[in-house]
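Fold and contact review
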Amino acid sequence: MSPASTGASTRVGAASPVPAPDSDSRLTPGGPGYRRMSLALFLAGVATFALLYSTQALLPLISGEFGVAASEASWTVAAATGGLALFVLPMSALSERFGRRTVMTASLAVAVTVGMLVPFAPSLGTLVVLRAVQGAALAGLPASAQAYLAEEVRPKALVTAIGLFVAGNSVGGMSGRVITGWVAQEWGWRISVGVIGALAVACAVAFRLLLPAPKHFAAGSLRPRVLLGTVRGHLADPLLRRLYAIGALFMTVFGGVYTVIGYRLTSAPFGLPQGIVGSIFLVYLVGTVSASTAGRLVGRFGRRGSLYLAGGTTAGGLLLSLTASLPLVLLGLVLITAGFFAGHAVASSAVSKTATRGRAQASALYQSAYYIGSSVGSTVGALAFHADGWTGTVGVGLLAILGVVTITVLGSRAARVAARRGPVAAH
């Protein structure tokens with residue numbers, strides 16, 4: 001969508017302009033290299049989410065071994081997502097200077113190395129520190145991947161390409177939790193996170209072998225003044241600010257729900273074993289579908305219409321999950337997952353299309369907000385669960401969705417005002 005149609009500014013960053021490459025030379029569905037690129041980034045997404053959330057389904061077991069409450073064990077998730085949120089902007093700056101593929105490869109290499117150390121953590125404190133380092137290492141993936149796609153894929157195929165990367169996230173999140181659930185039931189949580197580490201190593205090697213060399217990357221500057229100018233430009237853009245907030249709020253819901261759901265399903269009235277609880281995360285397959293079809297969703301309903309639909313679907317799932325019926329709780333999780341991944345794919349692709357300069361920084365700011373939302377959601381969701389049970393966690397999620405709807409309404413109003421003023425008005 002063009003800046004005029006969305007209210008996006010045509011000047012988003014302070015970096016020197018880079019001439020747009022010939023669109024005919026970019027990757028396109030069915031064209032040479034597109035499948036290799038899609039599979040490579042899909043596998044990178046699998047590795048990222050499998051590692052990032054490898055302890056989430058295991059929190060009841062971690063609580064039991066170290067003798068801590070859900071709110072303390074949840075730091076093994078919050079530390080990883082918090083580390084990613086803090087380091088995604090610096091890592092995106094490195095990708096502007098040294099290249100997207102180089103930074104993504106290095107990030108995966110460090111993350112999988114730390115992943116092989118996690119099973120040997122002697123205490124909760126050590127485990128939390130290792131998870132924070134792992135999250136910081138993974139910070140080189142999300143923003144660099146989106147910037148790579150924005151540069152190497154034709155604009156009309158961008159939403160679909162980013163949707164496939166997000167679909168990889170969902171498969172990684174699902175496989176990590178399902179595998180850890182069943183492995184932990186037989187051999188404990190330490191062996192299960194070791195298995196995830198080995199899976200991530202395989203994904204990292206395949207990623208490096210498959211990803212085509214970039215053809216449209218132009219190295220930028222690492223000068224702090226230039227980078228700060230680019231970041232200020234992005235943060236001054238009202239549309240980008242709204243998208244960042246929407247990503248954070250969607251992830252607040254998702255982080256809270258999936259951090260606490262294991263505690264709910266292993267206790268009364270459900271009392272499910274760890275392996276079955278891990279299998280609940282198969283609903284991530286729904287997220288794979290909803291993320292990969294985000295392009296068609298935007299084509300039919302528009303960006304804001306798609307966000308309303310995603311928010312409404314998520315809210316409906318939260319309300320259904322309040323029941324004491326396991327089938328209805330599972331249906332609620334399906335709706336929450338579908339709504340979240342659709343909303344995330346729509347918002348993240350809109351960021352990549354809006355930012356015409358400093359795309360890695362624009363994506364990094366989105367990812368930072370997104371993973372701050374995950375850290376807040378996992379921590380606040382666990383505290384709400386401790387205080388008021390599942391109802392408290394759902395209440396946190398509904399407040400976040402109300403925020404998504406409110407921001408989208410304000411964005412619609414701003415777009416109408418801009419349209420009345422004419423294309424010259426930025427916002």
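Residues numbered from 1 in each chain as written. Predicted model: local features only at pLDDT ≥ 70, side-chain atom pairs only at ≥ 80, totals over all residues. Heavy atoms only, no water.

**Comments concerning the overall build of the protein chain**
A count of helical and extended segments in the protein chain gives 17 helices and 0 strands. Considering only intrachain contacts with a sequence separation of at least 6, the fraction spanning at least 24 residues in the protein chain is 84%. Accessible surface, the protein chain: about 15,900 Å² in total, of which carbon and sulfur atoms supply 68%. Both charge centroids of the protein chain, one from 31 positive and one from 10 negative side chains, sit 11 Å from each other. (Helix = DSSP H or I, 4+ residues; strand = E, 2+ residues; numbered from the N terminus. Contact = heavy atoms within 4.5 Å. Areas by Shrake-Rupley, 256 points an atom, 1.4 Å probe, with all protein chains shown as cover. Lys, Arg positive; Asp, Glu negative; His and termini not counted. Charge placed at Lys NZ, Arg CZ, Asp CG, Glu CD.)

**Structural notes on the packing of helix 16 (residues 326–354) against helix 17 (residues 359–421)**
Close contact between helix 16 and helix 17 brings their axes to 9 Å; oriented N to C, the two are set at 150°. With respect to each other, helix 16 and helix 17 are oriented roughly antiparallel. You can see that helix 16 and helix 17 cross each other, and the crossing is right-handed. Residues Phe340, His344, Ala347, Ser348, Val351 and Ser352 of helix 16 form the contact with helix 17, whose own contacting residues are Arg359, Ala362, Ser363, Tyr366 and Tyr370. Broken down by class, the residue content of the contact of helix 16 with helix 17 amounts to 6 nonpolar, 4 polar and 1 charged. (Axes fitted to C-alpha atoms, helices over the stretch in contact; angles between N-to-C directions. Parallel < 35°, antiparallel > 145°, perpendicular 65-115°, else oblique. Left-handed = near helix turned anticlockwise from the far one by under 90°. Nonpolar A, V, L, I, M, F, W, Y, C, P; charged D, E, K, R; others polar.)

**Digging into unusual backbone geometry**
Looking along the chain, the bond that leaves alanine 268 and enters proline 269 is cis, with omega of 5°. Note that proline 269 resides in the loop between helix 12 (238–266) and helix 13 (274–279).

**What about the nonpolar core?**
One finds Met37, Leu41, Leu149, Tyr258 and Tyr371 to be the most contacted residues of the largest nonpolar core, which totals 126 residues. Setting aside chain neighbours within four positions, we find methionine 37 in contact with Leu27, Tyr148, Leu149, Val153, Leu211 and Pro212. (Core = buried A, V, L, I, M, F, W, Y, C linked by side-chain atoms within 4.5 Å. Buried < 20%, exposed > 50% of the residue type's maximum accessible area, 1.4 Å probe, protein only.)

**Topic: the pattern of salt bridges**
Counting across every chain of the model gives 2 salt bridges. The salt bridge involving arginine 190 is made with glutamate 65; its shortest N-O contact spans 2.7 Å. With arginine 190 in helix 10 (residues 189–210) and glutamate 65 in helix 3 (residues 59–66), the pair connects residues that are 125 residues apart, well separated along the chain. A residue is classified by how much of its surface remains accessible, and arginine 190, at 23% relative accessible area, is partly exposed. (Salt bridge = Lys/Arg side-chain N within 4 Å of Asp/Glu carboxyl O.)

**As for the confidence of the model for the protein chain**
Here the protein chain averages 84 in pLDDT, and 91% of its residues register 70 or above. Mean pLDDT values for the elements of the protein chain range from 36 in helix 1 (residues 3–6) up to 96 in helix 7 (residues 124–138). Contacts of residues 1–23 to residues separated by more than four positions or lying in other chains number 46 contacts, the stretch itself having pLDDT below 50. (pLDDT = per-residue confidence, 0-100.)

**Notes on helix 9 (residues 158–187)**
For helix 9, built from 30 residues, the straight-helix expectation of 44 Å at 1.5 Å per residue is met to within 8% by its first-to-last C-alpha distance of 42 Å. For helix 9, the tally of buried residues reaches 23 of 30 residues, placing the bulk of the element in the interior. (Expected span 1.5 Å × (residues − 1).)

**Let's talk about the packing of helix 9 against helix 16**
The description of two packed helices rests on the angle between their axes and on the distance between the axes. For the pair helix 9 and helix 16, interaxial distance at closest approach is 9 Å and the crossing angle is 135°. Looking at the two axes, helix 9 sits oblique to helix 16. Both helix 9 and helix 16 take part in a crossing whose hand is right-handed. On the side of helix 9, the interface is formed by Leu158, Val159, Ile162, Val166, Asn169 and Ser170, while helix 16 contributes Phe341, His344, Ala345, Ser348, Ser349, Ser352 and Lys353.

**Section: helix 3**
Taken as a whole, helix 3 has its buried residues at Leu59, Pro60, Ile62 and Ser63. Down the axis, helix 3 shows its buried residues gathered within 165° of arc, on one side only. Buried residues in helix 3 make contact with helix 4 (70–73), helix 5 (75–98), helix 7, helix 10, helix 12 and helix 13. Phi turns positive one or two residues past the end of helix 3, at glycine 67, with a value near 65°. (Arc of directions from axis to C-beta.)

**Remarks on the environment of arginine 101**
Structurally, arginine 101 can be placed in helix 6 (residues 100–115). Excluding residues within four positions of it along the chain, arginine 101 makes contact with Arg208, Leu211, Pro212, Ala213 and Pro214. Polar contacts involving the side chain of arginine 101 include one to the main-chain carbonyl oxygen of leucine 211, which spans 3.0 Å. (Polar contact = N/O pair within 3.5 Å; in protein donor to acceptor, adjacent residues only side chain to side chain.)

**Quick look at a positive patch on the surface**
On the surface, Arg413, Arg416, Arg420 and Arg421 cluster together into a patch of positive charge. Summarising the element assignment, arginine 421 is placed in helix 17. (Patch = residues over 30% accessible without salt bridge, like charges linked within 9 Å, V, L, I, M, F, W, Y side chains within 5 Å.)

**A few points about empty space enclosed by the protein**
Rolled over the atoms, a probe with the dimensions of a water molecule shows which regions are left empty. Enumeration over the complete set of coordinates arrives at 3 cavities of 30 Å³ or more. Along its surface, the largest cavity is lined by Leu239, Arg242, Leu243, Ile246, Arg303, Arg304, Leu307, Ile407, Thr408, Gly411 and Ser412. Of all elements in the fold, only helix 12, helix 15 (294–320) and helix 17 reach the threshold of two or more residues within the lining of the largest cavity. Grouping the amino acids of the lining of the largest cavity by side-chain chemistry returns 5 nonpolar, 3 polar and 3 charged. In this model, the second largest cavity occupies a volume close to 60 Å³. If you go around the second largest cavity, the residues you meet are Thr48, Phe49, Pro142, Gln146, Phe165, Val166, Asn169, His344, Gln367, Tyr370 and Tyr371. (1 Å grid on protein atoms, 1.4 Å probe; cavity = no way out; pocket = protein on both sides within 12 Å on 5 of 7 lines; lining within 4 Å. Points joined across faces, edges and corners; volume = space filled by probe spheres on them.)

**Considerations on the packing of aromatic side chains**
Scanning the entire structure with this criterion turns up 10 aromatic pairs. Between phenylalanine 340 and phenylalanine 341 the ring centres are 4.8 Å apart and the planes differ by 70°, which places this aromatic pair in the edge-to-face class. For phenylalanine 340, a relative accessible area of 1% corresponds to the buried category. (Phe/Tyr/Trp six-rings, centres within 6.5 Å; stacked < 30°, edge-to-face > 60°.)

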